[in-house]
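A look at the structure
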Amino acid sequence: MGNELLLRLSFCYSETFTDTSDGVFSITEGGIYRCRGFTKRNILTPESEEVIIYEIVSSRVSVTLEPKWSQIYRGEKVTLRCEIRREETQWTYEWRPNRNSATSSEYKINSATESDSGEYRCRAKSGYKLTDWSDAFRLSVLSVRKPRATVRAERTIIPAGGSVTLSCSVDDSADWRIYWFRQDSDQPIGNNKPYEDFMVSDGGLYSCRGGRGDPVFYTETSTKVTIQKTVSIKSTVILQPNWPQIYIGEKVTLKCEIQDGRFRYGTKQWRKNNLNKPGWSQEYMITTATEFDSGDYSCRAGDRFFLSVWSDVFTLVVSVRKPRATVRAERAIIPAGGSVTLSCSVDGSADWRIYWFRQDSSGASTNINNEPGGVLSVSDGGLYSCRGGRGDPAFYTETSTKVTIQKTVSIKPTVILQPNWPQIYIGEKVTFKCEIHNGRFGYGTKQWRKNNLDKPGRSQEHMITTATESDSGDYSCRAEGDRFFLSVWSDVFTLVVLPKPRATMRADRTIIPAGGSVTLSCSVDNSAVWRIYWFKRDFESSRATDIKNNEPDGTIIISDGGIYSCRGGRGDPVFYTETSREVTIQKTDKVSVSPSWLNPGASVTLSCEGLEHQSAGWRFFWYKAVPDPSKLYQTPYYTYELLPGSTNGTEQNSFIVQGQNHTAGYVCRAGRGEPEFYTYYSEPKFIWSADSAAAFLTVSPKRVQHFRSESVTLTCKGNFTDWRVKRFTETGRLSDFTCSNWGRMTGSTCTINRYWSDSGVYWCESGSGEFSNAVNITVQNNNYDGIILLSPVHPVTEGDPVTLSCRDKENLLSNVFFYHNDKLIHNDSREELKISAVSKSDEGFYKCQHSGKDSPRSWMSVRAAVSSPVSSSSSVMLIAGPVVGVVLFILIILLISLWCCRRSKDSRSISSSRSESSNQSSNRNHVINQTGSHGYNTLLLGDVGLYESVKSHGAAGDGDVHVYESVKCPETAGEEESGDAAYSLIEVMNVGRERRPHERTPYSVLRTEDSGAWSPAATDEAVYSEIAMETAS
């Protein structure tokens, strides 16, 4: 009903009377109201009880909290305020709930508790005016008695010379003032400002609390934060045990040492790889190291409020592999009655205790006492090993590899060579066997050594599959019994591996007589263990073919000509020797050149033989061998030029070359058929001459004989280039090589290397095809105590003095005996053999003898100096006129030639030799007249040949004509060749003028011999006849 109140009374009243007939009264103001009724008779009833009516005003009321804190804690004092916006001075207040009967605008709670929590409302009234209740204000009193402040530090360690900032807060509220405390003091420090950071530079225990209100309400004090101050003192990390290498599984401890009293009992802080390890401790222990424990460790020492600086880092490396002990033995074999020292180590460190183990031949293992020094002396064979251990509990390394120690027993084996040949050669296969007669070593292996150096490996035998010079040496062996026993070394077996041997072939003769045969023998180092293999070539340029193999006795009989060689073979696989030097075996129909040593101007007979059926349509072609420098490294070394008259070949297998004066080479071949088929060229055959028109060979030292250790220089003289020096050795064949192969060729000089051994004929060839004179050279192969004869290498002229002497390798010898043609010249010894004026009778073979040793023989050739009678009274007039005289002498020569040629069917080689030099020749001329001379000389190759030439000298421009004729006089069939020749010299003077006393007298010289065999000691004189040539008047 709004502000009205209807009273159903006769009337009602307040402070002012109001009458109503229906008992209902509407009011709009507050106050105290009561009523009573009355009737029409105005009878009043008693008054009713009072009713207080309040007027609700529109003023807004609200509850606020002082202080305006977000959280209220038990025990704090707070005030709730009831605020009204209407300006009324006399307001009273009503609170709900109202535990302390508050009527004022403030509801005070002096010590809040949890029961004070709740919703608070208030309203105000003044008289009979009343506000509405305010909105509820929720008051929460926390159950905790007090809050706790929280202290924070930007860091807990003050760097050296620096500071640290601390901050304190209470439930993140700004209502609090902060009180700071250091250590355990109750006295606050600082300015107690709200939320102001606090900067400290001293170490200590720092805490804080908050306070607010009046009286001040304090929070619980914060937990204490330790602030440590860094001082400039450095600690050191120490590893215990202090081992240089740490392995996985080991236990190690890191200790932090510092030399400062204030940190003596403090704890230590650790970090690894710059990351702090949690907690503080005096040491950092790693009980079982792993690879992850590797790193850089450092530490610092701390008191409560002091810290040292960080130590230098200590790098710990944990090896991922467990170490293995290494065992060494001073030697692996215990000498008889001795011992061997073993040593064991682990990574070179002395920190380990060594544990030894031995395994015997049965396989059982035993432990040996632990040796701290790692050295053990043993006297028994076995397999020994060791391992290291260190630490507590012990950490063990891997066990070492096992070393075999063998014990020597005094039993000696013997080395046996199989095959048991007296000489072993390069390339052969041989086997050493080690024999021992003791059951303990019957099936054991053998150890070998050479020259006191052990060979690798062990085997029952030592095989050399292809022997070399390096395999030469002293071999010995020893046997192994079981695994741990050895015999002593055997006596040495000396093996000498020689250069590959060359088979030696001999023929009882080199010419097969008609219908006959020749016996060839082949041997190798005079041993019977070789089987002989025979080879034959039909021509020099043909390939060798096998003829007989595996001949055990080394002898065959042949009846065919050819070039034969042999070699030996032995073993399995077969080891072959070098093939022997070839020996040319000729049938009676042989290839030959006659003569071999040339008489100037003589005819040369060539014979081309060797075809099985020479009459079967063959024609023979004849060639001259011309040196060719473009074929220096080819075989043959010559180009072949057809001889005049041989263009179409000859039916006969012989050919005569007229007027040959100098050294020359000849070849032949045969051809037949259409188109013509040719045989191979024959091997070149040479005729040699001591004379040469344009090229000349000199020898240094100037003697025939030389030691094989000496160097000999051959010099080619003449206006030519591209010189080469050739030789025909005493084996009877032309060398396949030039000086460049067996010596050293420098320009025109050939230096024969030391240790040469080829005696023979030597000559020069020029690039333009010239041949020099030829010389004999003999080599003394006994290089140790042999002697040589010193004799001239070139012919000497009759009448010249000659001195022969004898020497060894070092000195000229005295007490020497000299022989001429194997006959002792003097019964007494002497130092030299002097011939004051040499004559033809002095020509021949010479040798010397000293202390029972003979030198080789050498031929000394003497040029005959031809003389003519001066007195015409002693001459024999043969004809009155010069023309008739010439004709008559020609007839005489022809008759003599015919008479000589009837004595034999064979011919003898003639060779001519030129004098050593023109000066020598001129000094040694035999004077016939005042202005001219005639002479002759001889040169011998071999033991039985005598070769002569006639030489004439005349003044330049001399118009005289000289006619030379040589006649070859062979012996009768079946007799040895004498080598004698008859010479005729005819000199024709100018016709038409009178001969003056100084002019030459024509003469002829005829040398004759007995029909019997010729002897080098013969002293036959030449018969001279003078022809008086008169001028027609």
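The coordinates are above.
Quantities reported herein were computed from a predicted structural model and do not represent experimental measurements. Counting of residues starts from 1 at the beginning of each chain's written sequence and follows it residue by residue. Local features in this predicted model are restricted to residues of pLDDT 70 or higher, and side-chain atom pairs are both shown and tallied only at a pLDDT of 80 or more, whereas totals for entire chains, interfaces and linings draw on every residue. Water and hydrogen atoms were dropped before computing side-chain values, which therefore reflect all heavy atoms in the structure.

For the rest of this paragraph, the subject is the overall build of the protein chain. In terms of regular secondary structure, the protein chain is built from three helices and 95 strands. Three exposure classes are used, based on accessible area relative to the maximum for each residue type with a 1.4 Å probe and protein chains only: buried under 20%, partly exposed in between, and exposed over 50%. When each of the 1033 residues of the protein chain is scored for burial, the buried share is 45%. Any two residues having at least one pair of non-hydrogen atoms within 4.5 Å are treated as being in contact. Considering only contacts within the protein chain whose residues lie at least 6 apart along the sequence, 62% involve residues at least 24 apart. Summing over all exposed atoms, the protein chain offers an accessible surface of approximately 52,600 Å²; the carbon and sulfur share of this is 47%. Secondary structure elements follow DSSP: runs of H or I no shorter than four residues count as helices, runs of E no shorter than two count as strands, and numbering proceeds from the N terminus. Each accessible area is a Shrake-Rupley result for a 1.4 Å probe, and residues are judged covered by the shown protein chains and nothing else.

DSSP calls a pair of strands paired once it identifies at least 2 bridges connecting them. The sheet built from three strands is open, its strands ordered 54-56-59 with antiparallel pairing. Of all the strands in the sheet, just strand 54 (504-507) and strand 59 (555-558) have a single pairing partner and so form its edges. Averaged over all pairs of adjacent strands, the angle between strand axes in this sheet comes to 20°, irrespective of strand direction. The pairing of strand 56 (residues 518-523) with strand 59 spans four bridges and is antiparallel. Angles run from 0 to 180 degrees between N-to-C directions of axes, and those axes are lines fitted to C-alpha atoms, restricted for helices to the stretch in contact.

Another point: the pattern of salt bridges. Salt bridges, as used here, are contacts in which a Lys or Arg side-chain nitrogen is within 4 Å of a carboxyl oxygen on Asp or Glu. For the structure on display, the rule yields 29 salt bridges. Residue E76 pairs with R212 through a salt bridge whose shortest N-O separation is 2.8 Å. Highlighted residues: E76 in the loop between strand 9 (72-73) and strand 10 (78-84) and R212 in strand 22 (residues 204-212), separated in sequence by 136 residues. The exposure classification of E76 matches that of R212, with both residues buried. Each of R34, E47 and E50 takes part in salt bridges that share partners, so that together they form one network.

Bringing the environment of A301 into the picture now. Along the chain, A301 falls in strand 31 (residues 295-302). Distance in space between the C-alpha atoms of A301 and Q282 is 8.7 Å, their sequence separation being 19 residues. Excluding residues that lie within four positions of it along the chain, A301 makes contacts with S235, I258, F263, T267, K268, F306, L307 and S308.

In these notes, a set of buried Ala, Val, Leu, Ile, Met, Phe, Trp, Tyr and Cys residues joined through side-chain atoms within 4.5 Å is what counts as a nonpolar core. Counting residues in each nonpolar core, the largest one holds 22 residues, and the members touching the most others are I72, L80, Y93, W95, Y107, I109 and L139. Every element with two or more residues in this core is listed here: strand 8 (61-66), strand 10, strand 11 (92-96), strand 12 (106-109) and strand 13 (118-126). At four residues, strand 10 tops the list of elements feeding residues into this core. Sequence-distant contacts of I72, that is, excluding residues within four places in its chain, are made with L65, V78, A112, L139, S140, V141 and L142. V712, V725, I752 and V775 belong to the second largest nonpolar core, which has 21 residues in total.

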